[in-house]
Amino acid sequence: MRRLLELCEEVVERVPAGIEAQANIRVTRKALTRFANSFIHQNVAEDSAVLTLDLADGGRTARTATTLTDHASIERLVAAALAAVALNPVDEYWTGFAPPGQVPAVDHYDPATAAADPGERAAVVADFIGAGGGLSAAGFCDTTEEILAVANHLGFRFEGAATSAVLDGIHQTPTSAGKAHRASRSLAALDGAAVGAEAAGIARAAVGAVDVDPGSYEVVLRPNCVATIGAFVGLYAFGGKAASEGRTQVVVGEPQFDPKVSVRDDVTDPAALGLPVDWEGNPKLPVDLIVDGVSRGFVHDRRTAAQMKVTSTGHDWEFSTWFGPAPTNLFIGGGDRSEREMIASIERGLLVTEFNYCRILDPTTLYVTGLTRNGTFLIEEGKVTRPVSNLRFTESFFETLREGNVLAIGNDPRLADSEYGPRMVHAPTMHLAAWNFTGGARG
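Remember, it's a predicted structure, so these values are computed and weren't measured experimentally.

**Student:** Any chance you could explain the layout of surface pockets here in plain terms?
**Tutor:** If a probe the size of a water molecule is rolled over the atoms, the empty space left behind becomes visible. For the largest pocket, the calculated volume is near 1100 Å³. As for the largest pocket, its lining consists of 36 residues, and the residues nearest its centre are Arg-26, Lys-30, Glu-146, Trp-279 and Glu-318. At the level of elements, strand E1 (20-36), strand E2 (39-57), strand E3 (60-66), strand E4 (136-152) and strand E5 (157-172) are the ones that each hand at least two residues to the lining of the largest pocket. Of the residues belonging to the lining of the largest pocket, the class tally is 13 nonpolar, 12 polar and 11 charged. Each pocket or cavity is described by its volume, and for the second largest pocket that value is around 640 Å³. The wall of the second largest pocket is formed by 27 residues, among which Glu-280, Asp-301, Arg-303, Asp-316 and Thr-321 lie closest to the centre. Here the residues of the lining of the second largest pocket sort into 8 nonpolar, 8 polar and 11 charged.

Here it is as structure tokens:
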């Protein structure tokens, strides 16, 4: 670990005096065990290290990167960065690198997960498959270790590491499927048997699905669905790029959502995953997006913060160039109702396990279209009565959280899967008064 920070310091020292410089090295070790037809068919592992150098000279900026860290490669990296910074135009929104300061203290690292071998992941997978009682299982179990070191000419220094583990799988009957998903910083925290039993239970309950007509339904959305809503709202409504370009309906200080809704991004929460420094090397600060239904603030990287004359919140990420800053440790506040209690209060509605293939139709109104899958059920007179075929929906993820439409929030928040992947959103089950289904199995 120490060697990585020293490497970054060495790179910065090689930059001529008077030029702003920051170096970071990100080491990622990923290992993946995949299974299908109830057999493991693939074990893969990948180690990567990327050394990045950012320079700024009179407002001109440049970034270069390499996967090689020998002395000759570092010389080439610095030379390439100096050549690039001399050619680039002045960046009017350049505000400088992070000064020395306090980085949020987190503990998202588990040494046993970092050292997990294929046999340990296979044991989790075996428990998942065994819980199916003969159903056909498919999915994956992965473990990741991420190490980051950052140094710049102002004296900012950071080194840290984080781990994560994900179990994601389905059980299938000949005519149905059920999905379950869990993520944690620790592989040992993933209970393969419990996750497998959940997926198998949904699959068996989904046998014999019938068609229902499209229309507006009262719904209970399980955590994976709510995580997808949160991911879209977080990026498109509360991202600094949307705010700086005037593409969001969010008005800070206004009560725009149901009072039951609170959403924050917080890498310091013990249940969060990842590192407390963003991809620009800025400390990642906790940000309240919605508090008791009131819009509170946006997440920013360096550029959008400069455009809006505020301070970066440290939310630059891998895809900021295209999408702008994003909340990647999102927490949707839980409530006090169980899924069973929500279902019991519904005269006629639908229980939805997961959304699939969600696509944005309008990034301002946040109208999104997508499909249900892996377990959708009809609720009648307070009980789940039968499975239904997958449905297409077209709904505003912003408007669906409005006051009066959120009838209850579950007491079961957890790290859930979402359209943008796992590890990002902590979400509960949610009971909504209306959800607009626009197509069924017959079109």
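**Student:** Quick question: what am I supposed to make of the sheet that holds E2 here?
**Tutor:** Strand pairing in a sheet takes place through backbone hydrogen bonds and is either antiparallel or parallel in direction. Read across the sheet, 6 strands follow the order E3-E2-E1-E4-E5-E6 without closing on themselves; strand pairing throughout is antiparallel. Edge positions in the sheet fall to E3 and strand E6 (177-184), since each has one partner strand and no second. Strand-to-strand twist of the sheet, defined as the mean angle between neighbouring strand axes without regard to direction, takes the value 15°. Sheet topology note: the E1/E2 ladder contains 17 bridges and is antiparallel. Bridging from a neighbouring strand, Thr-33 pairs with Asn-43 of E2. Packing against the sheet, helix H2 (residues 71-87) makes contact with E2 and E3, and its axis sits at approximately 155° to E3. Packing against the sheet, helix H5 (residues 192-205) makes contact with E5 and E6, and its axis sits at approximately 155° to E6.

**Student:** I keep staring at the environment of Tyr-217 and nothing clicks. Help me out?
**Tutor:** Mapped onto the secondary structure, Tyr-217 falls in strand E7 (residues 215-221). Residue class for Tyr-217 comes out buried when judged on its relative accessible area of 7%. Separated by 161 residues in sequence, Tyr-217 and Leu-378 have C-alpha atoms that sit 10.0 Å apart. In contact with Tyr-217, other than residues within four places in its own chain, are Val-212, Arg-348, Gly-349, Leu-350, Ala-433, Ala-434, Trp-435 and Phe-437. A polar contact is formed between the side chain of Tyr-217 and the backbone oxygen of Asp-213, at a distance of 2.6 Å.

**Student:** Explain the packing of aromatic side chains here, please?
**Tutor:** For any pair of aromatic rings, the description consists of the separation of the ring centres together with the inter-plane angle of the planes. Taken as a whole, this structure holds 17 aromatic pairs when the rule is applied. Each ring, one from Trp-317 and one from Phe-323, has its centre 6.5 Å from the other, and the planes form 35°; the classification is tilted. Take Trp-317: its relative accessible area is 17%, and that puts it in the buried class. Its relative accessible area of 39% is what places Phe-323 among the partly exposed residues. With centroids separated by 4.5 Å and ring planes inclined at 45°, the aromatic side chains of Phe-355 and Phe-393 adopt a geometry described as tilted. Linking Phe-355 in strand E12 (residues 348-362) with Phe-393 in strand E15 (residues 392-396), this pair joins segments that are 38 residues apart in sequence. Here Phe-355 falls in the buried class, since its relative accessible area comes to 5%. Each residue in the set Phe-232, Tyr-236, Phe-355, Phe-393, Phe-397, Tyr-420 and Trp-435 is aromatic and connected to the rest through ring pairs, giving one cluster.

What counts, and at which threshold
Residues numbered from 1 in each chain as written. Predicted model: local features only at pLDDT ≥ 70, side-chain atom pairs only at ≥ 80, totals over all residues. Heavy atoms only, no water. 1 Å grid on protein atoms, 1.4 Å probe; cavity = no way out; pocket = protein on both sides within 12 Å on 5 of 7 lines; lining within 4 Å. Points joined across faces, edges and corners; volume = space filled by probe spheres on them. Helix = DSSP H or I, 4+ residues; strand = E, 2+ residues; numbered from the N terminus. Nonpolar A, V, L, I, M, F, W, Y, C, P; charged D, E, K, R; others polar. Pairing = 2+ DSSP bridges. Axes fitted to C-alpha atoms, helices over the stretch in contact; angles between N-to-C directions. Contact = heavy atoms within 4.5 Å. Buried < 20%, exposed > 50% of the residue type's maximum accessible area, 1.4 Å probe, protein only. Polar contact = N/O pair within 3.5 Å; in protein donor to acceptor, adjacent residues only side chain to side chain. Phe/Tyr/Trp six-rings, centres within 6.5 Å; stacked < 30°, edge-to-face > 60°.

Honestly, it's all geometry; don't read function into it.
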